[in-house]
Amino acid sequence: MPLVTFKPSDLSIEVGPGTSLLDAARRAGVRIRNDCGGKGVCGRCVIEISEGEVHRQRHKYEGELEAGQDLACMTLALESDVTVFVPVASR
């Protein structure tokens, strides 16, 4: 099972493949804004993947995010370990 590590809190959790990074954060005790409840419509849960491979689901904010950013609720862990940086605006 992949290990997901959240920065800057340095909290980690093992999750099954296909788990959203938002769900992983919740289970690890990492607070990430998600005003829409994880449906991919508010655009508040912006994260940056610094290591590892993930599956990015399509969402309406794709063209608006900076390179390397995605929504935690629409990004799924795969088989590899993942390191996620949570920007201040998303905490």
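Residues numbered from 1 in each chain as written. Predicted model: local features only at pLDDT ≥ 70, side-chain atom pairs only at ≥ 80, totals over all residues. Heavy atoms only, no water.

**Quick notes on the nonpolar core**
Val 4, Phe 6, Leu 21, Ile 32, Ile 47 and Val 84 are the most contacted members of the largest nonpolar core, which has 25 residues in total. Listing elements by their share of this core, those giving two or more residues are β1 (3–7), α1 (21–28), β3 (46–51) and β7 (82–85). Setting aside residues no more than four positions away along its own chain, Leu 21 makes contact with Val 4, Phe 6, Ile 47, Ile 49, Val 54, Ala 72, Thr 75, Ala 77 and Val 84. (Core = buried A, V, L, I, M, F, W, Y, C linked by side-chain atoms within 4.5 Å. Buried < 20%, exposed > 50% of the residue type's maximum accessible area, 1.4 Å probe, protein only. Helix = DSSP H or I, 4+ residues; strand = E, 2+ residues; numbered from the N terminus. Contact = heavy atoms within 4.5 Å.)

**Remarks on the side chain of Gln 69**
Take Gln 69: it is sitting in strand β5 (residues 69–71). A relative accessible area of 19% means that Gln 69 is categorised as buried. Reaching out from Gln 69, the side chain makes a polar contact with the side chain of Glu 48 at a distance of 3.4 Å. Those residues within four positions of Gln 69 in sequence are excluded, and the remaining contacts are Val 46, Ile 47 and Glu 48. (Polar contact = N/O pair within 3.5 Å; in protein donor to acceptor, adjacent residues only side chain to side chain.)

Interpretation in functional terms is not warranted from these geometric data alone.
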